[in-house]
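Residue-level structure breakdown
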Amino acid sequence: MGPARSTATAMALLAMLAAGSMADAQQLREQQKRLQSAKTASDAAQARAQALENAAANERDQAIQARAQEAAAAERIKAAEADIIAAEARIAIVDRLLAAQRSQVAERQGPVVRLIAALQSMARRPAVLGLIQPGSTEDMVHVRAVLGTTMPVVERRTAEVRAELARVQQLRANAGTAVRALRESRARLEDERIGLVRLEAEHRARSQELGRSALVESDRALALGERAREIVDQMESQGEADQIQGELLALSGPLPRPDTEAAPAAVKHVAAYRLPVAGQLVTGLGELSTTGVRARGLTLATLPNARAIAPAAGRIVYAGLFRGYRGVIIIDHGNGWTSLVAGLGGLAVRVGDRVSQGQLIGRAPGGGDPRITIELRRRGQPMDLTQLLD
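Residues numbered from 1 in each chain as written. Predicted model: local features only at pLDDT ≥ 70, side-chain atom pairs only at ≥ 80, totals over all residues. Heavy atoms only, no water.

Quick notes on the side chain of Glu375
In plain terms, the rule: To qualify as a helix, a DSSP run of H or I must reach at least 4 residues; to qualify as a strand, a run of E must reach at least 2; elements of each kind are numbered from the N terminus. Polar contact is defined as a pair of N or O atoms within 3.5 Å, subject to the rule that within protein one atom must be able to donate a hydrogen and the other to accept it, and that residues adjacent in sequence are counted only when both atoms are side-chain atoms. Between two residues, a contact is recorded if the distance between any of their heavy atoms is within 4.5 Å.
With respect to the secondary-structure elements, Glu375 resides in strand S10 (residues 371–378). A polar atom in the side chain of Glu375 sits 2.7 Å from the side chain of Arg377. Leave out the neighbours within four places in its chain, and Glu375 touches Tyr273, Arg296, Gly297, Thr338, Ser339 and Leu340.

This is the structure in structure tokens:
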């Protein structure tokens, strides 16, 4: 073996030690982007959930508060789902790095193992061969010179292999942490879903309780309605009595004994109920529509932008758009009596306002052929409001 051949052998060994493979950087970057996107989505969902929870805590309207609480629970579910995606991406990244690290350790170990095997083979070579084979002594000198150069490299590569093995152990620990985070995120997602179901159940129970309270209060509305009817009958009877007394005074003959008591002041006749708009009746109570639906109130054709007034005094419990009925106003008269005015184009009242009979509550739509519907209900059942009109 000549000096040139020994030098070539040493260079080949160094090249083998330096050989190594890296993981696919492009796929790794994609997993990292997925992880960052999931973390960003989780943080955003958590922020929205916190904002909704704060809004629900400061809201006095129970219906709005319930909707805000349910929306907050939904956002927490989104955050848990994003955390699961992040945990899965983290596991994929760790698995890829772990596989690359193992491959790199194997590649680094291979040249070192082969070099050590060659050195052991040379060490077992008998020294007497150097006297028999020509050129062996010179070759041995070159080999020893090459070994003096490569041994530091071997030691450094051996230390690098140990460091790579330590990094493999760390990656395994990171993989275990990522798996635990995934399990925790899935458990949190299940808890949030169960919490949302419980929250919806509580809100439904509260709504049913409020409905039962409304039925109890309906008795008051019935009493007030009957009292209003009695007042109307008394006013009519008083008017007939005044008319008869005037006719008797106009007769010839002895005058009746003067009344020593002061005559009661004339009472102004006030209707117990009024139509919200002036217009022509289109659909009456109980009439069947073309679709076979029976009307639960009166529908009036009125002028564009016509004034809509409160049919009776009460408190506004709903004012806003509702499906295909345009503007809708519901007035609670107390004791279970309510009025519904639908088809409005503009609203002049808000929920919680108290209105008196004849007060402006809105206007009819400005174009087309406005139709305003009025319904009077007692305990949720449609009533014939024509009995209370003038």
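From this point on, the discussion continues.
Some details on the packing of aromatic side chains
Put simply, the test is: Aromatic rings from Phe, Tyr and Trp, taking only the six-membered ring of Trp, are treated as a pair when their centres fall within 6.5 Å; an angle between ring planes under 30 degrees marks them as stacked, one over 60 as edge-to-face, and anything in between as tilted.
A full pass over the atoms with the stated rule returns one aromatic pair. Measuring from ring centre to ring centre gives 6.5 Å for Tyr318 and Phe322, while their planes differ by 90°; the resulting arrangement is edge-to-face.

Remarks on the pattern of salt bridges
We apply this condition: By definition here, a salt bridge exists when the distance from a side-chain nitrogen of Lys or Arg to a carboxyl oxygen of Asp or Glu is within 4 Å. We call a residue buried when its accessible area falls under 20% of the maximum for its residue type, exposed when it is over 50%, and partly exposed in between, using a 1.4 Å probe and counting protein chains only.
A full pass over the atoms with the stated rule returns 10 salt bridges. Glu192 is paired through a salt bridge with Arg76; the nearest N and O atoms lie 2.9 Å apart. Placement of the pair is Glu192 in helix H5 (residues 136–250) and Arg76 in helix H3 (residues 62–123), with a sequence separation of 116 residues. Among the ionic pairs, Arg186 bridges to Glu88, the shortest N-O distance being 3.6 Å. Note that Arg186 is positioned in helix H5 and Glu88 in helix H3, a separation of 98 residues in sequence. Using a relative accessible area of 47% as the deciding quantity, one classes Arg186 as partly exposed. The partly exposed category is assigned to Glu88, whose relative accessible area is 30%. Bridged by salt links that share partners, the residues Arg34, Glu88 and Arg186 form one connected network.

Notes on the sheet that holds strand S9 (residues 360–363)
Cut-off, in case you're wondering: Pairing between strands is defined by DSSP: at least two bridges between the two strands are required.
A sheet is described by the order of its strands in space; here three strands give the open sequence S3-S9-S7, paired in antiparallel fashion. The sheet terminates laterally at strand S3 (307–309) and strand S7 (346–347), the two strands that pair on one side only. Two strands pair when backbone bridges link them, and S7 and S9 are joined in this way by two bridges, in the antiparallel orientation. Residue pairing across strands places Gly346 opposite Arg363, the latter belonging to S9.

Brief notes about the pairing of strand S2 (residues 298–301)
On any regular strand, side chains alternate: one points to one face of the sheet, the next to the other face. The alternating pattern of S2 places Leu298 and Leu300 on one face and Thr299 and Ala301 on the opposite face, and all of these are buried. As paired strands, strand S1 (residues 280–283) and S2 are joined by three bridges and run antiparallel to one another. Residue Gln280 lies in a different strand from S2, and its bridge partner there is Ala301.

A word on the side chain of His333
Relative to the assigned elements, His333 resides in strand S5 (residues 327–334). Among the polar contacts made by the side chain of His333, one reaches the side chain of Ser339 at a distance of 2.6 Å.

Some details on the environment of Val349
Relative to the assigned elements, Val349 resides in the loop between S7 and strand S8 (354–355). The exposure class assigned to Val349 is buried, which follows from its relative accessible area of 7%. For the pair Val349 and Gln359, spaced 10 residues apart in sequence, the C-alpha to C-alpha distance is 9.9 Å. If near-sequence neighbours (up to four positions away) are discounted, Val349 is found in contact with Ile316, Ala319, Ile329, Val355, Leu360 and Ile361.

Considerations on unusual backbone geometry
In terms of backbone geometry, most residues other than glycine have negative phi values and most peptide bonds are trans. Unlike most non-glycine residues, Asn335 shows phi in positive territory, near 60°. Counting through the fold element by element, Asn335 comes out in the loop between S5 and strand S6 (337–344). Taking the relative accessible area as the measure of exposure, Asn335 reaches 4% and is therefore buried. The phi torsion at Arg379 lies on the positive side, around 55°, for a residue other than glycine. Along the chain, Arg379 turns up in the loop between S10 and strand S11 (381–383).

Focus: the pairing of strand S4 (residues 314–321)
Direction of pairing for S4 relative to S8: antiparallel, over a ladder of two bridges. If you follow Arg315 over to S8, its bridge partner there is Arg354. Relative to S5, S4 is paired through six bridges, and the arrangement is antiparallel. Across the sheet, the residue bridging to Gly320 is Val328, located in S5. Between S4 and S5, which follow one another and run antiparallel, lie five residues, and Arg323 among them has a positive phi close to 50°.

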